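# Notes for the structure review
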Amino acid sequence: MSVRNDLVMLILYIYFCYRDQIVEMFDHAYGSYMKYAYPADELMPLSCRGRVRGLEPNRGDIDDSLGKFSLTLVDTLDTLVVLNKLDEFEDAVRRTLRDVRLDNDVVVSVFETNIRVLGGLLGAHVMADMLRQRGERMQWYRDELLHMAKELGHRLLPAFNTTSGLPYPRVNLRYGVLNPLSRTGTESDTCTACAGTMILEFAALSRLSGEAVFEEHARKALDVLWEKRQRGSDLVGTVINIHNGDWVRRDSGVGAGIDSYYEYLMKAYILLGDNVYLERFNTHYNAIMKYISQPPLLLNVHMHNPTVSVRSWMDSLLAFFPGLQVLRGDLKPAIETHEMLYQVTKQHKFLPEAFTTEFRVHWGQHPLRPEFAESTYYLYKATGDPYYLRVGQSIVEKLNAHARVPCGFAAVQDVRTGTHEDRAQMTVSRDTLFVLCLSTCTFCSLRRTSFTLTSTNTSSPPRPTCCLSPCPLHSPPVGGIGCNLGCGLAFYCLYCLAGQHDPVYLMLLCNSFHQCLSFNEAHEGVYRVKLVAEVTQTPEEEVVPLIVQLISPPYLGRTVLTAGPAKFGMDLIKQEHGVKGSIVKTSPYTACGPIENAQELSGHIALALRGDCMFAAKARRLQEAGAIGVIFIDHREGSNSAETPLFQMVGDGGSTADITIPLVFLFSQEGALLTSALEDHNNVDVLMLPKERQLGKTAR
């Protein structure tokens, strides 16, 4: 996966739950690097010293990420701000400006240098600028990191000097590619991910610096990959010739060699607002789900003959894909594949680099990859199911038990024996989108900036997006990405507090077919991320409104509350006279644990608060407790049916045939009327039925 968030960003994804433990782990890893390795690129955690390229035995392609530019320091900069280590951040920025050189006579990976060093510099610049604008820190900062990023961008540009526009896989930082002193330029091939994982950083650099050349080259490379896809299957291969665009390896999957190409298409749409990227992603995604996805497995196929799998094993990099599916709103296959991966980790402590369809080890290494943790995080935010917190906790515990050493955390050489490698791969970077979205106005300015690009597909330029007020660091969420009404897909980049002064990134998202939400609703936190799993509405299906009508004295049918339906449980439309009963508040109110007042609920209609777990999980518990129906009340303060479209509650990705009681949903204001009535009168009888069959004509 391109966003090489290794150990520390892996930790960050579950930071909000195990904050103190996670911060201690970060301090152990980063502190060990600074004490034993800096200014080297990487820490050797078993030897307790830095790895300097040329002074240690050559490791082949692995060493292409080392450019004698204090890689780990640069890669960690913005993480320090996210963890609120502002003193350390300011010190690290000063060290970077003082010590880091980008003109070294070293051949480096274009891909790794882009996502880790260029991305690190850009992310740190955005953070430094935010702190400077607050007026409390970094007042001395004058965009020096952005100037360094621009210098590095120009040092990477020679890689794109090919006939096709696809970049060389390696570049000499000082001499480029084709210079006689460069020691590179003989390559003919590159991986699809290597060529297709430049747009976020390069576009951000263009729009921050005003130089369009970076975005032009990154987009041209994506254009070539799109044009070279197999038109019958809409799949791409793993390795491509950079000069003529012919496919060298034609196996197609979502793991190593291709993974971040798909990821960057989706995130380029989020960051830049250009529909072309979303259209391409959706085309590829449909092909993936048709040919590669064999739930819960994701198997490589031949791009020209995609009905036949070409191997019986999977690689660990595909573990990012469930998280990407959550971003798209396709929850069920994400849950299935994630669970398969979790079963593999339970057998082997970590995900092996490759494993068979029978979950046996194919390659035993585990270099502390973060992809499985990232998908776990997204699934927790989408479902609210504490199951994924437990998965996250197990990841942390296994890291401490099996990867922690006195000088940091060491990669696992073989998951079967638990032996370590003298390698930390401390790629602490975040994806560029993560950091840019922390600053609403930085994000919006990127979206508003557009260039006359020279690449082949420019029919849909980036669309301007309105910008909210600045998003001050360590404040509640205030903004994000607006809706693309054309496809019904909305993304909101937000961040919020996990604790006092501890910001945790939240990607608030809607399902592909959900109604888009306004910025004001985003500001109020409408729907949060659990919307993806809990509601569904397509343009073709009408949501039939239901009601909760208070029929006992003193209401006598005069108070009628508009309610939303569920796609599971009893169909109230088919119940001629609706369902009648007295209401009882559930304990606990969220119904996400053992029901404490089951005897009181038996034979009554339960009131339960939305949140913390899925609607289906609540319904099962309450049905088992004897409730004859459930009224779910929105936990978002101030929501109401007059301003927010109704939606249909859906299940949890599995069968809901066992749930037979009726279920309805009330927004917060309507729910408050109902709970107030219950507080004023010990016995409140209600009738749940379709709105068109209400008793009387008054509706609230």
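Just so you know, these numbers come straight off a predicted model, no measurement behind them. (Residues numbered from 1 in each chain as written. Predicted model: local features only at pLDDT ≥ 70, side-chain atom pairs only at ≥ 80, totals over all residues. Heavy atoms only, no water.)

## Considering the overall build of the chain
Broken down by element type, the chain carries 22 helices and 31 strands. Buried residues in the chain amount to 65% of all 700 residues. Sequence-distant contacts, at least 24 apart, represent 69% of the contacts inside the chain between residues at least 6 apart. Counting only carbon and sulfur atoms, one obtains 49% of the accessible surface of the chain, whose full area is about 25000 Å². (Helix = DSSP H or I, 4+ residues; strand = E, 2+ residues; numbered from the N terminus. Buried < 20%, exposed > 50% of the residue type's maximum accessible area, 1.4 Å probe, protein only. Contact = heavy atoms within 4.5 Å. Areas by Shrake-Rupley, 256 points an atom, 1.4 Å probe, with all protein chains shown as cover.)

## A short note on unusual backbone geometry
Following Tyr 38, the chain continues to Pro 39 via a peptide bond in cis, the omega torsion being 10°. Position of Pro 39 relative to the elements: it lies in the loop between helix 2 (19-37) and strand 1 (42-44). Although it is not a glycine, Cys 48 sits at a positive phi angle of roughly 60°. Along the chain, Cys 48 falls in the loop between strand 1 and strand 2 (49-51). For Asp 143, which is not a glycine, the phi torsion comes out positive at approximately 65°. Tracing the backbone shows Asp 143 in the loop between helix 5 (110-134) and helix 6 (144-156).

## Describing the nonpolar core
If you look at the biggest cluster of nonpolar residues, it comprises 145 residues, and the most contacted ones within it are Phe 89, Ile 199, Phe 202 and Tyr 261. By residue number, the principal contributor to this core is helix 5, which donates 13 residues. Residues within four places of Phe 202 in sequence aside, it is in contact with Asn 114, Leu 118, Leu 156, Leu 157, Phe 160, Phe 214, Glu 215 and Ala 218. Ala 566, Leu 601, Val 630 and Leu 663 belong to the second-largest nonpolar core, a separate cluster that totals 25 residues. (Core = buried A, V, L, I, M, F, W, Y, C linked by side-chain atoms within 4.5 Å.)

## A closer look at the packing of helix 13 (residues 331-348) against helix 14 (residues 371-383)
At a minimum axis distance of 11 Å, the contact between helix 13 and helix 14 shows a crossing angle of 135°. Regarding the angle of helix 13 to helix 14, the classification is oblique. In this structure, helix 13 crosses over helix 14, and the sense of that crossing is left-handed. Along its contact with helix 13, which presents Leu 331, Ala 334, Ile 335, His 338, Leu 341, Tyr 342 and Thr 345, the element helix 14 presents Phe 372, Ser 375, Thr 376, Leu 379, Ala 382 and Thr 383. Classifying every residue of the contact of helix 13 with helix 14 by side-chain character gives eight nonpolar, five polar and no charged. (Axes fitted to C-alpha atoms, helices over the stretch in contact; angles between N-to-C directions. Parallel < 35°, antiparallel > 145°, perpendicular 65-115°, else oblique. Left-handed = near helix turned anticlockwise from the far one by under 90°. Nonpolar A, V, L, I, M, F, W, Y, C, P; charged D, E, K, R; others polar.)

## Here we look at the UniProt feature "active site" (unreviewed entry) in the chain
Taking the numbering used here, the UniProt-annotated feature "active site" (unreviewed entry) corresponds to Glu 112, Asp 259, Glu 353 and Glu 371. With respect to the helices and strands, the residue Asp 259 is situated in helix 10 (residues 259-272). Mapping Glu 371 onto the fold places it in helix 14. (UniProt positions renumbered as here; feature names shortened; annotations may be inferred.)

## With respect to the pattern of salt bridges
Evaluated as defined, the whole model comprises 36 salt bridges. Between Glu 56 and Arg 49 there is a salt bridge; the shortest N-O distance is 3.2 Å. The shortest N-O distance in the salt bridge between Glu 227 and Arg 231 comes to 3.0 Å. (Salt bridge = Lys/Arg side-chain N within 4 Å of Asp/Glu carboxyl O.)

## Looking at the state of the cysteines
Considering all chains together, one arrives at two disulfides under this definition. Residue Cys 48 pairs covalently with Cys 407 via a disulfide, S to S 1.9 Å. In this structure the cystine formed by Cys 48 and Cys 407 twists about its S-S bond by roughly 95°; its chirality is therefore right-handed. Of this pair, Cys 48 sits in the loop between strand 1 and strand 2 while Cys 407 is found in the loop between strand 16 (404-405) and strand 17 (408-409), placing the two residues 359 residues apart along the sequence. Across the disulfide, Cys 191 is cross-linked to Cys 194 (sulfur-sulfur distance 2.1 Å). The S-S bond linking Cys 191 to Cys 194 shows a torsion near 90°; that makes this disulfide right-handed. A relative accessible area of 22% places Cys 194 in the partly exposed class. (Disulfide = S-S within 2.5 Å.)

## Topic: the environment of Gly 176
With respect to the element layout, Gly 176 can be found in the loop between strand 4 (170-172) and strand 5 (189-191). A relative accessible area of 8% places Gly 176 in the buried class. Put simply, Gly 176 and Asp 105 are 71 residues apart on the chain and 9.5 Å apart in space, counted from C-alpha to C-alpha. Excluding residues that lie within four positions of it along the chain, Gly 176 makes contacts with Pro 158, Val 171, Ser 182 and Thr 184.

## A closer look at the sheet that holds strand 5
Strand order in the open sheet formed by three strands is 5-6-7, and the pairing between neighbours is antiparallel. Edge strands, defined here as strands with exactly one partner in the open sheet, are strand 5 and strand 7 (247-249). Each adjacent strand pair in this sheet contributes to an overall mean axis angle of 35°, direction not counted. In this structure, strand 6 (residues 239-241) lies alongside strand 7, joined through two bridges in antiparallel fashion. Each residue of the ladder has a partner; that of Ile 240, found in strand 7, is Trp 247. (Pairing = 2+ DSSP bridges.)

## Considering the environment of Val 405
Among the secondary structure elements, Val 405 is positioned in strand 16. Given a relative accessible area of 9%, Val 405 falls into the buried group. Among residues more than four places away in sequence, those in contact with Val 405 are His 28, Pro 45, Leu 46, Ala 410 and His 420.

## Topic: the sheet that holds strand 14 (residues 354-356)
Whether parallel or antiparallel, the strands of a sheet pair through hydrogen bonds between backbone atoms. One open sheet accounts for three strands, arranged 13-14-15; its pairing is antiparallel. In this open sheet, the two strands that pair with only one neighbour each are strand 13 (313-315) and strand 15 (361-363). For this sheet, the mean angle separating the axes of adjacent strands, direction not counted, is 30°. Both strand 13 and strand 14 contribute to a ladder of three bridges, which runs antiparallel. Residue Trp 313 lies in a different strand from strand 14, and its bridge partner there is Thr 356.

## Observations regarding the packing of aromatic side chains
Per the counting criterion, the structure on display carries 17 aromatic pairs. Both rings, one in Trp 140 and one in Tyr 141, keep their centres 6.2 Å apart while their planes meet at 85°; by these two values the pair is edge-to-face. For Trp 140, a relative accessible area of 23% gives the class partly exposed. A residue is classified by how much of its surface remains accessible, and Tyr 141, at 0% relative accessible area, is buried. Ring plane angle 15° and centroid distance 6.4 Å describe the contact between Tyr 342 and Phe 372, whose orientation is recorded as stacked. Within this pair, whereas Tyr 342 is found in helix 13, its partner Phe 372 is found in helix 14, the two being separated by 30 residues in sequence. By relative accessible area, which is 8% here, Phe 372 ends up buried. Members of the aromatic cluster, each reached through a chain of ring pairs, are Phe 281, Tyr 285, Phe 320 and Phe 321. (Phe/Tyr/Trp six-rings, centres within 6.5 Å; stacked < 30°, edge-to-face > 60°.)

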